[in-house]
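# Understanding the architecture of this molecule
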Amino acid sequence: MKLSSLINKDCSKAAVLFNSKKRVLEYISELAHEQLPELSQHDILNALMSREKLGSTGIGKGIAIPHGRIEGIDEVTAMLLVNQQGIPFDAIDNRPVDIFLALIVPEGDNQQHLKTLAAIAEKLNNKEFCKQLRNAGNDEELYAIIASAE
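Residues numbered from 1 in each chain as written. Predicted model: local features only at pLDDT ≥ 70, side-chain atom pairs only at ≥ 80, totals over all residues. Heavy atoms only, no water.

The protein is annotated in an unreviewed UniProt entry as PTS IIA-like nitrogen-regulatory protein PtsN from Pseudoalteromonas byunsanensis.

And the structure:
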């Protein structure tokens with residue numbers, strides 16, 4: 001799976017600066033609402049926060065995959081944010097997180113959701129790829145890295 005099939009140019013944000021888990025999730029919900037105007041930003045944020053209450057989506061090595069299930073959409077919407085510094089995110093390794101690949105997924109589409117999560121986790125397991133993401137100086141550079149990833 002190519003990341004560029006999930007993430008469009010408007011949903012890749014490099015060198016953002018947030019200092020809390022809540023603010024990152026609020027920004028993700030803003031971006032998702034721009035892509036899915038039929039959904040309220042509040043409902044998107046609630047879906048993301050509800051998932052975090054079940055356990056952190058911080059998978060370690062400075063990476064988190066926040067995600068939420070929402071009724072009324074047909075396909076996955078993804079956003080990639082790279083924060084200028086790591087922030088506390090209750091990750092499994094207790095390290096701060098600076099790479100956030102967020103997903104808004106259709107309610108009830110469990111098989112596709114799990115396949116998407118597995119494919120993303122595999123891509124983000126590549127240290128060199130993550131280094132490139134962290135070094136992107138602007139949104140265009142970040143999207144070029146995503147688009148060139150196999």
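So, about the overall build of the protein. Within the protein, the regular secondary structure consists of 5 helices and 6 strands. Scanning the protein from its N terminus toward the C terminus, one meets helices and strands in the order β-α-α-β-β-β-β-β-α-α-α. Its C-alpha atoms give the protein a radius of gyration of 14 Å, within 12% of the compact-globule value 15 Å for 150 residues. If one aligns the C-alpha atoms of the protein with their principal axes, the spans along those axes are about 35 × 30 × 25 Å. The buried share of the protein, taken over its 150 residues, is 48%. Contacts in the protein between residues at least 24 apart in sequence constitute 70% of all its contacts with a sequence separation of at least 6. About 7600 Å² of surface is accessible on the protein, with carbon and sulfur atoms providing 46% of the total. (Helix = DSSP H or I, 4+ residues; strand = E, 2+ residues; numbered from the N terminus. Rg over C-alpha atoms; globule rule 2.2 N^0.38 Å. Buried < 20%, exposed > 50% of the residue type's maximum accessible area, 1.4 Å probe, protein only. Contact = heavy atoms within 4.5 Å. Areas by Shrake-Rupley, 256 points an atom, 1.4 Å probe, with all protein chains shown as cover.)

Before going further, it helps to spend a moment on the nonpolar core. A general trend in soluble globular proteins is that nonpolar side chains are found buried together. If you look at the biggest cluster of nonpolar residues, it comprises 52 residues, and the most contacted ones within it are Met79, Leu81, Leu101, Leu103, Ile104, Leu124 and Leu133. Considering every element that reaches this core, the biggest residue donor is strand E6 (residues 97-106), with 8 residues. The residues contacting Leu103, other than those within four sequence positions of it, are Leu48, Ile65, Pro66, His67, Gly68, Val76, Thr77, Ala78, Thr116, Leu117 and Ile120. (Core = buried A, V, L, I, M, F, W, Y, C linked by side-chain atoms within 4.5 Å.)

Before going further, it helps to examine the packing of aromatic side chains. With the rule as written, the count across this model stands at 2 aromatic pairs. Here the aromatic rings of Phe18 and Tyr27 are separated by 5.0 Å at their centres, their planes lie at 40 degrees, and the arrangement is tilted. Judged by relative accessible area, which is 11%, Phe18 ranks as buried. We classify Tyr27 as buried; its relative accessible area is 17%. For the ring pair Phe89 and Phe100, a centre distance of 5.2 Å and an interplane angle of 65 degrees mean the geometry is edge-to-face. Here Phe89 is found in the loop between strand E5 (77-87) and E6, whereas its partner Phe100 is found in strand E6, with 11 residues between them in sequence. A single burial state applies to Phe89 and to Phe100, both of which are buried. Geometry around Phe89 places Lys21 over its ring, the cationic atom sitting 4.7 Å from the centre. (Phe/Tyr/Trp six-rings, centres within 6.5 Å; stacked < 30°, edge-to-face > 60°. Lys NZ or Arg CZ within 6 Å of the ring centre and 35° of its normal.)

A few words now on the environment of Cys130. By secondary structure assignment, the location of Cys130 is in helix H4 (residues 127-135). Taking relative accessible area as the criterion, Cys130 reaches 4% and is therefore assigned buried.

Before going further, it helps to examine the packing of H4 against helix H5 (residues 139-148). Here H4 crosses H5 at 160 degrees, and the two axes come no closer than 8 Å. As judged from the angle between their axes, H4 and H5 are roughly antiparallel. Crossing angle aside, the handedness with which H4 passes H5 is right-handed. Contacts from Phe129, Gln132, Leu133 and Asn135 in H4 reach Glu141, Leu142 and Ile145 in H5. Residues belonging to the contact of H4 with H5 are distributed by class as follows: 4 nonpolar, 2 polar and 1 charged. (Axes fitted to C-alpha atoms, helices over the stretch in contact; angles between N-to-C directions. Parallel < 35°, antiparallel > 145°, perpendicular 65-115°, else oblique. Left-handed = near helix turned anticlockwise from the far one by under 90°. Nonpolar A, V, L, I, M, F, W, Y, C, P; charged D, E, K, R; others polar.)

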